[in-house]
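What the coordinates show
Below, each chain spelled out in residue letters.
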Amino acid sequence: LGCAIAAHLWKWTPFWTVILLAGRMSIPQDIYDAAKVDGATGLNSFLFVTFPLLANLYLVLTLLATIFLLGDFNTVYFVTGGGPNNETHLLATLGIRNAFDLARPDLGVAAVMTALPVLIPLVIILMRKLKTTEPDLADAGAQGVCHRTNALALRRLAGEDCLFRTAIEDEIQG
């Protein structure tokens, strides 16, 4: 079982790393500059800037990993072949074993079809998450982080260094 887990991680870690790196690279540097002006340390910048902005990406990657794991036939079949005493089967390998090795295609189809009640809601959630757009960057001001690029410039002109008030609120009140 440990070998199958290690092979799965070896197979998918580069994919997850590239996606998370692309998400991290898409965060504008001005947001980190504004956080640094307000005295945020490296850990605070991660907790209050990076992590909230990548939260949707974490969810999408978790859903994709679950979907990929349900259908990951090759890794388990080639590494363990179902394992000692048939302990490392996934639904895909169990379906193939039942259909072809035991000559019971009805059990093979049933084993694979048991994933549908789990897989269909995951796909629906994933499609909804991918359809939604990135939240408005001004909405995060209530969370303690200003995400507007021009808000940093307006604050510098006004002499403000507080991330909890957005430049738009200042314009409305002013």
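In this report, the structure presented in the accompanying data block is examined. Remember, predicted model here, so these are calculated numbers, not experimental data.

1. Some points on unusual backbone geometry
One non-glycine residue, N86, lies in the positive phi region at around 55 degrees. As for its position among the elements, N86 is in the loop between α5 (73–79) and α6 (91–101). A residue is classified by how much of its surface remains accessible, and N86, at 40% relative accessible area, is partly exposed. In this structure, A103 is a non-glycine residue whose phi angle is positive, near 55 degrees. For A103, the position within the fold is in the loop between α6 and α7 (105–113).

2. Let's talk about the pattern of salt bridges
Between side chains of opposite charge, pairing is possible as soon as their charged atoms come close. Under the counting rule described, the total for this entry stands at two salt bridges. In this structure, K11 and D72 form a salt bridge, with 3.1 Å as the shortest nitrogen-oxygen distance. On the criterion of sequence distance, the pair formed by K11 in helix α1 (residues 2–25) and D72 in the loop between α4 (55–70) and α5 is long-range, its members being 61 residues apart. Under the relative-accessibility criterion, K11 is labelled partly exposed at 39%.

3. Comments concerning α1
Compared with the 34 Å implied by 1.5 Å per residue over 24 residues, the 33 Å span of α1 between its first and last C-alpha is a close match. Of all the bends in α1, the greatest reaches close to 40 degrees and is centred on W12; the proline P14 follows between one and four positions later. All buried positions along α1 are accounted for by A4, H8, W12, W16 and G23.

4. Regarding the environment of L57
Residue placement: L57 occurs in helix α4. In sequence terms L57 and I19 are 38 residues apart; their C-alpha atoms lie 8.3 Å from each other. Non-local contacts of L57, meaning those with residues more than four positions away in its chain, are made with I19, L20 and G23.

5. Some words on the packing of α6 against α7
Remark: α6 packs on α7, axes separated minimally by 7 Å, with the N-to-C direction vectors making an angle of 170 degrees. Here α6 is positioned roughly antiparallel relative to α7, judged by the angle of their axes. Together, L91, L94, G95, N98 and A99 of α6 and P105, L107, G108, A111 and V112 of α7 make up the contact between the two elements. Grouping the amino acids of the contact of α6 with α7 by side-chain chemistry returns seven nonpolar, three polar and no charged.

Parameters at a glance
Residues numbered from 1 in each chain as written. Predicted model: local features only at pLDDT ≥ 70, side-chain atom pairs only at ≥ 80, totals over all residues. Heavy atoms only, no water. Helix = DSSP H or I, 4+ residues; strand = E, 2+ residues; numbered from the N terminus. Buried < 20%, exposed > 50% of the residue type's maximum accessible area, 1.4 Å probe, protein only. Salt bridge = Lys/Arg side-chain N within 4 Å of Asp/Glu carboxyl O. Expected span 1.5 Å × (residues − 1). Bend = angle between axes of the 7 residues up to and from the residue. Contact = heavy atoms within 4.5 Å. Axes fitted to C-alpha atoms, helices over the stretch in contact; angles between N-to-C directions. Parallel < 35°, antiparallel > 145°, perpendicular 65-115°, else oblique. Nonpolar A, V, L, I, M, F, W, Y, C, P; charged D, E, K, R; others polar.

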